[in-house]
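# A closer look at the structure
Here are the chains, one letter per residue:
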Amino acid sequence: MAARDAFYVTSPIYYVNDSPHIGHAYTTLACDVMARFMRLDGRRVRFLTGTDEHGQKVEKAAREAGKEPQAFTDEVSQRFRRMVEVMGTSPDDFIRTTEARHKRAVSALWQKLVDAGDIYLGTYAGWYSVRDEAFYAESELVDGKAPTGAPVEWVEEPSYFFRLSAWQERLLAYYERDPQTVMPASRRNEVVSFVKGGLTDLSVSRTSFRWGIPVPGDERHVIYVWLDALTNYLSALGYPDTESELFTTFWPADLHMVGKDIVRFHSVYWPAFLMSAGLAPPRRVFAHGWWTNEGQKISKSLGNVIDPFELVARYGLDQVRYFLMREVPFGQDGDFSRAAMLKRANHDLANDYGNLVQRVLSLVQRSCEGRVPDPGTLAAEDDELLAAAHGLVPSVRGAMDEVAPHKALEAIFDVVGRANRYVDAQAPWALAKRDPVRLRAVLWTACETIRHVATLTLPFMPTASAKILDQLAVSEPARRFASLGPDGAHLVPGTPLPRPEGVFPRLQEAAA
Ligand code: ME8
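Note that the structure is a prediction, hence the values are computed from the model and not measured. (Residues numbered from 1 in each chain as written. Predicted model: local features only at pLDDT ≥ 70, side-chain atom pairs only at ≥ 80, totals over all residues. Heavy atoms only, no water.)

## A closer look at the pattern of salt bridges
- For the structure shown, the criterion picks out 30 salt bridges.
- With a shortest N-O distance of 2.9 Å, Arg101 and Asp93 are connected by a salt bridge.
- A relative accessible area of 27% means that Arg101 is categorised as partly exposed.
- For Asp93, a relative accessible area of 16% translates into the label buried.
- Ionic contacts of the salt-bridge type, sharing partners, join the residues Arg46, Asp93, Glu99 and Arg101 into one network. (Salt bridge = Lys/Arg side-chain N within 4 Å of Asp/Glu carboxyl O. Buried < 20%, exposed > 50% of the residue type's maximum accessible area, 1.4 Å probe, protein only.)

## Remarks on the site of the ligand
- Taken together, 21 residues form the shell around the ligand, and within it Ile13, Asp52, Gly259, Asp261 and Trp291 come nearest.
- Across the complex, the protein chains shield 93% of the 670 Å² of accessible surface that the ligand would expose by itself.
- Contributions of two or more residues to the shell around the ligand are made by strand 1 (6-15), helix 1 (22-40), helix 7 (225-230) and helix 8 (232-235).
- Of all the elements, strand 1 adds the most residues to the shell around the ligand, at 4 residues.
- Each residue belonging to the shell around the ligand can be placed in one class, and the counts come to 11 nonpolar, 8 polar and 2 charged. (Near = heavy atom within 4 Å. Areas by Shrake-Rupley, 256 points an atom, 1.4 Å probe, with all protein chains shown as cover. Helix = DSSP H or I, 4+ residues; strand = E, 2+ residues; numbered from the N terminus. Nonpolar A, V, L, I, M, F, W, Y, C, P; charged D, E, K, R; others polar.)

## A look at the pairing of strand 6 (residues 153-162)
- Pairing of strand 4 (residues 119-129) with strand 6 involves 10 bridges; the strand directions are antiparallel. Bridging from a neighbouring strand, Tyr124 pairs with Glu157 of strand 6. (Pairing = 2+ DSSP bridges.)

## Some points on the sheet that holds strand 14 (residues 291-293)
- Here we have 3 strands laid out as an open sheet, ordered 15-14-16, and mixed in their pairing. Each having just a single partner strand, strand 15 (296-297) and strand 16 (334-336) make up the two edges of the open sheet.
- Bridge count between strand 14 and strand 16: 3 bridges; the pairing is parallel. Residue Asn293 lies in a different strand from strand 16, and its bridge partner there is Phe336.

## Quick word on the sheet that holds strand 5 (residues 134-136)
- Judged by pairing direction, the sheet is antiparallel, and its 4 strands sit side by side in the order 5-4-6-8 without closing on themselves. Whereas interior strands pair on both sides, the edge strands pair on one side only; in this sheet they are strand 5 and strand 8 (202-203).
- Taken together, the 2 bridges between strand 6 and strand 8 define a ladder with antiparallel strand orientation. Its bridge partner being in strand 8, Phe162 is matched across the sheet by Leu202.

## Notes on the nonpolar core
- Counting residues in each nonpolar core, the largest one holds 181 residues, and the members touching the most others are Tyr175, Val204, Trp251, Phe273 and Tyr353.
- In this view, Tyr353 contacts Asp348, Phe413, Val416, Val453, Ala454, Thr457, Met461, Ile468 and Phe504; residues no more than four positions away in its chain are not counted. (Core = buried A, V, L, I, M, F, W, Y, C linked by side-chain atoms within 4.5 Å. Contact = heavy atoms within 4.5 Å.)

## Quick look at the domain arrangement of the protein
- Along its sequence, the protein is organised into domain 1 (6-289) and domain 2 (338-511).
- Using only C-alpha atoms to locate each centre, domain 1 and domain 2 end up separated by 42 Å.
- Taken residue by residue, the interface counts 12 residues in domain 1 and 14 residues in domain 2.
- Here domain 1 and domain 2 share an interface that buries about 1300 Å² over both sides, 72% of which is from carbon and sulfur atoms.
- Of all residues in domain 1, the largest losses of buried area upon contact with domain 2 belong to Val33, Phe37 and Leu40, amounting jointly to 49% of the total for that side.
- Between the two partners, domain 1 and domain 2, sit 1 salt bridge.
- Close ionic contact of Asp41 with Arg397 constitutes a salt bridge, the shortest N to O distance being 2.7 Å.
- On inspection of domain 1 and its partner domain 2, the count reaches 3 residue pairs in polar contact (both at pLDDT 80 or more).
- When residues of the side of domain 1 that touches domain 2 are traced back to their parent elements, those giving at least two are helix 1 and strand 12 (255-259).
- When residues of the side of domain 1 that touches domain 2 are assigned to their parent elements, the largest contribution, 6 residues, is made by helix 1. (Domains from an automatic or database assignment. Buried area = accessible area lost by both parts, 1.4 Å probe. Polar contact = N/O pair within 3.5 Å; in protein donor to acceptor, adjacent residues only side chain to side chain.)

## Topic: unusual backbone geometry
- Cis rather than trans, the peptide bond between Met183 and Pro184 has omega equal to -5 degrees.
- That bond from Trp251 to Pro252 is cis: its omega, 0 degrees, falls within 30 degrees of zero.
- A positive phi angle, close to 40 degrees, is found at Ala427, a residue other than glycine.
- Along the chain, the position of Ala427 falls in the loop between helix 16 (405-426) and helix 17 (428-434).

## What about the packing of helix 13 (residues 338-367) against helix 16?
- The interhelical angle for the contact between helix 13 and helix 16, taken along N-to-C directions, is 50 degrees, at an axis separation of 10 Å. Considering their axes alone, helix 13 and helix 16 lie oblique with respect to each other. As helix 13 runs across helix 16, the sense of the crossing is left-handed. Contacts between helix 13 and helix 16 involve Asp348, Leu349, Asp352, Tyr353, Leu356, Arg359 and Val360 on the former and, on the latter, Phe413, Val416, Ala419, Asn420, Val423 and Asp424.
- Within the contact of helix 13 with helix 16, the residues separate by chemical class into 8 nonpolar, 1 polar and 4 charged. (Axes fitted to C-alpha atoms, helices over the stretch in contact; angles between N-to-C directions. Parallel < 35°, antiparallel > 145°, perpendicular 65-115°, else oblique. Left-handed = near helix turned anticlockwise from the far one by under 90°.)

## Quick word on the pairing of strand 1
- Within strand 1, 10 of the 10 residues are buried, which leaves it mostly tucked inside the rest of the structure.
- Judged from the 8 bridges that link them, strand 1 and strand 2 (residues 44-52) form a sheet pairing that is parallel. By the bridge assignment for strand 2, Val9 is matched with Phe47.
- For the crossover that starts at strand 1, traverses helix 1 and ends in the parallel strand 2, the hand is right-handed.
- Relative to strand 12, strand 1 is paired through 2 bridges, and the arrangement is parallel. Residue pairing in the sheet places Thr10 in a bridge with His256 of strand 12. (Right-handed = clockwise from strand over helix to strand, strands pointing away.)

## Re helix 6 (residues 185-196)
- Along its 12 residues, helix 6 runs 16 Å from first to last C-alpha, staying within 8% of the 16 Å computed at 1.5 Å per residue.
- Restricting attention to buried positions, one finds in helix 6 the residues Arg187, Arg188, Val191, Val192 and Val195. The buried residues of helix 6 occupy one face: seen down the axis, they fall within an arc of 130 degrees.
- Lining the buried residues of helix 6 we find helix 5 (168-177), strand 7 (182-183), helix 10 (263-276) and strand 13 (285-288).
- Looking one or two residues beyond helix 6, the residue adopting positive phi is Gly198, at roughly 100 degrees. (Expected span 1.5 Å × (residues − 1). Arc of directions from axis to C-beta.)

See below:
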């Protein structure tokens, strides 16, 4: 990824049949962390999210709510916009599939598939799950249900088909070309074996309901909601205008972030549609795992859905963002528990990170007249800690390049731990009277380390990290990775610093 200056990252677009839950917040957050990281690393970033508003599932939800689909989607889409804000995420665009720019793109893409000879009219007779918005072969059913557990219904209707069967070899070549086209490796293996098992043509239009984009030239059909939805990644770049600066800069996408349940759509159907339309397939699809709640599968019927708005209100935004990115190796399933959430907030943030900042900056305030101290000559221990802080940029960049935000945080918090041990060992509070020269070297080293840590935690905990950088009087333009490392900037002795304030409060058990 590092070879390219531009970075286009997308979240899935969310069905507006329901309110946002932790799964939606998690995917959007992971994209945000990637986007913020790449921006701070000097890349040109475009981060897209939005809502998926057509199809039978949304139509049914609107009917159940007693509303017209358009009015219903207008309303529910707003809740997702709100989630984007409440999670502190920073998309450059928010697309809705009911927008004119999207409909235009979908019709244009359809025409390309027709021109390529990959669309033909037939009849679909088989199983369909409205909940999954997916077709299933008889052989895939488990006890009369979809493999996801969703109910299925028998559908028999005229349908256009996409000649997916013709794409097997070209898809395999696409996975082969770069092992990172589908990640993690377990998902890649799943996709490759699915494609090797042989592909059947895909039904790409429906005639039994109306809530969708009509097939150009045959308005009895609406375009299959997944062909419609996937196209959002192009619509937001102004497709079918492929000559624009926006399109040429950002296509193909660098990273489609998805949940593990929707890999097949993104890594099999989507690259086949794109290649058929003469467009490059995405560089990478990364599938994250699923959250359970206190060990239980999350479901509406169990009443244990986790509401991201409530989570943030209870534990704090930076705390929730940190927890979600740190607790579970990204790509694996994970469990949300209140005990684990509190432990991360209190142990990692309040005790380790918060305490480091608080005690160092209070000492600077007390013993150095509230100004960045002059380091004078550094000792070996100082150089050692600084070397660890300087080493963070390449190691964190490496972790983010493999979409491993948990590893990035591990590396950063390893330095937080080292810095705390360094402060304990140097005991600067005892140096104030005895050796003020040494005191200044120690506090400067600690402040420099904190500057590195806080700049690197900006993508994960934007608010708290910015407050820490404020307390170090780091200017806005200096808050980027180019200012870090041995060749970067450094804190200038004599700079006045504001009075320190704690940034990570200890959360009470009662909060649980
Ligand atoms: O799939 N833990 O929309 P959606 C983690 N519209 N992630 C979870 C989760 C959980 N418990 N439950 C759901 C769609 N998710 C389509 C996408 S893209 C062109 C169209 C994730 O609203 C799930 O894996 O059902 C998926 O990535 C997203 O939340 C849900 O999306």
